[in-house]
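# Tertiary structure, described
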Amino acid sequence: MELQQMRYVVAVAETSNFTRAAEQCLVVQSALSHQIARLERELGAKLFDRTSRRVRLTAAGEAFLPAARQALDAADRARAEVAAAAGEIRGRLAIGAIPTVTAVDLPTALKQFRLRHPQVRISLRSGASEELTERVRQGSLDAAFLGLPLGVRPKGVHGRELARGDLVAIVAPDHPLVDQEHVNLRRLADEPFVDFPAGTAARAQSDDAFAAAGVRREVAFEVTAPDFMAGLIRQGLAIGMLPAAFAAGLPGLPSIRLSDAPARVEHLIWSRFRPSPAAAAFLSTLGISTAPD
C-alpha cells in the first residue's frame, strides 16, 4: 500500500469521477485506475462501484477513506516537521471563522502570513461556532475564530478570549425607531426578526437576552450569512441584532444601542495537541505562544 494510491482514492472519492481525479492528481487516467485496481487487489475488496454514469464508494471504500486521509495528513505533517527543523515553514494551515469576526482583521492577517511563509497552503472555512469548535477538536481545522455568549467557553480545545462587545439592533433606514438613541428589548418585541438558525451560538446570544427580559419575539427569517440578513433588513422585512463592531461596517443600515443588550465574546481556539509548524507560526503572528510552559 502506497501513499500515492491513497491520494488517488481520496481524489476519486472527492470528485466522484476518475477523469477529474486524474486531472487533479496530474496523471493519466489509465495510471490512476491501474493503481486503484492494484490497491483493491491488495486489500481484497472493491473500493468503488463504477458504472458508465457514476462512481461511488462501496462500504469498504467508506471504511477505507478516513484512514487514508489520516495517513496522508500524517505524511504531510512529517514533511512539515522536517522542513521546520531546517528553518522552513510549510505544509497546511486550515483556519475557521464565523462570518462576523471583528477582533482580528483576518484577510490582512492571512495575507501577511502568506508573504512570510509562501510554502504554506492556506484554507479558510466559514461556519457556526459550534461546528468550527468540533472541527478543531477533530483536527480538520488548525484554529478557529468564534463568537459565543458571555459566560460560554469552548471545551476540548485551547483558547484565548480576543474581545467583548454588545449587540445592537439593525433597522431599515426608514424604520420608525431610526432616530432613537437607544431602546430596550421590550420595545422590539412586536417586530419581525431575522436571525441565525436556532440552536447556534449566534442565535443563543439574542434568544437568551430576550428570555432574560421576559419578552417573546417572532423570528420570521433564519439565515446563515450576515450579508443576507442585512439585505432583508434593508428591504424593511425584519430587524436584526449584530455585534456593534460588525454593524458599523454595514453601509446604509442604522444601528440602535440596546439598554439591555446581549454581549458577544470572540475567542480564538486551537487544538489541545501540539500544533503543526504552520499552525504554531500563525498563532505566533497573533502574539500567541504554543511552547510548553
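Above: the structure in question.
A few points on the structure. (Residues numbered from 1 in each chain as written. Predicted model: local features only at pLDDT ≥ 70, side-chain atom pairs only at ≥ 80, totals over all residues. Heavy atoms only, no water.)

This paragraph deals with the overall build of the protein chain. On a plain count of helices and strands, the protein chain comes out with ten helices and twelve strands. Once the C-alpha set of the protein chain is aligned to its principal axes, its extents read approximately 70 × 50 × 30 Å. Of all 293 residues assigned to the protein chain, the portion counted as buried reaches 42%. Within the protein chain, counting contacts between residues at least 6 apart in sequence, those at least 24 apart form 73% of the total. (Helix = DSSP H or I, 4+ residues; strand = E, 2+ residues; numbered from the N terminus. Buried < 20%, exposed > 50% of the residue type's maximum accessible area, 1.4 Å probe, protein only. Contact = heavy atoms within 4.5 Å.)

Most often, soluble globular proteins have nonpolar side chains that are buried together. If you look at the biggest cluster of nonpolar residues, it comprises 32 residues, and the most contacted ones within it are Leu93, Ile95, Leu106, Phe145, Leu268 and Phe282. Elements that contribute at least two residues to this core include exactly strand E3 (91–97), helix H5 (106–116), helix H6 (129–138), strand E5 (143–149), strand E12 (263–270) and helix H10 (277–285). Contacts of isoleucine 95, omitting those with residues within four sequence positions, involve Leu106, Leu110, Ser123, Leu124, Arg125, Leu141, Ala143, Phe145 and Phe282. (Core = buried A, V, L, I, M, F, W, Y, C linked by side-chain atoms within 4.5 Å.)

Moving on, we get to unusual backbone geometry. With phi around 55°, serine 16 is a residue other than glycine that occupies positive phi space. Inspection of the secondary structure assignment puts serine 16 in the loop between helix H1 (3–15) and helix H2 (18–25).

Here we take up the side chain of threonine 58. Relative to the assigned elements, threonine 58 resides in the loop between strand E2 (55–57) and helix H4 (59–85). With a relative accessible area of 12%, threonine 58 lands in the buried category. A polar contact is formed between the side chain of threonine 58 and the backbone oxygen of lysine 46, at a distance of 2.6 Å. (Polar contact = N/O pair within 3.5 Å; in protein donor to acceptor, adjacent residues only side chain to side chain.)

Quick look at the environment of valine 55 now. Structurally, valine 55 is set in strand E2. In the structure, valine 55 is positioned 40 residues away from threonine 15 in sequence and 9.0 Å away in space, judged by C-alpha atoms. The residues contacting valine 55, other than those within four sequence positions of it, are Val12, Ser16, Phe18, Phe48 and Asp49.

Here the focus is the packing of aromatic side chains. Throughout the structure, instances matching the rule amount to three aromatic pairs. Taken together, a centroid distance of 5.4 Å and an interplanar angle of 80° make the contact between phenylalanine 193 and phenylalanine 210 edge-to-face. In this pair, phenylalanine 193 sits in strand E8 (residues 192–195) while phenylalanine 210 sits in helix H7 (residues 201–212), placing the two residues 17 residues apart along the sequence. (Phe/Tyr/Trp six-rings, centres within 6.5 Å; stacked < 30°, edge-to-face > 60°.)

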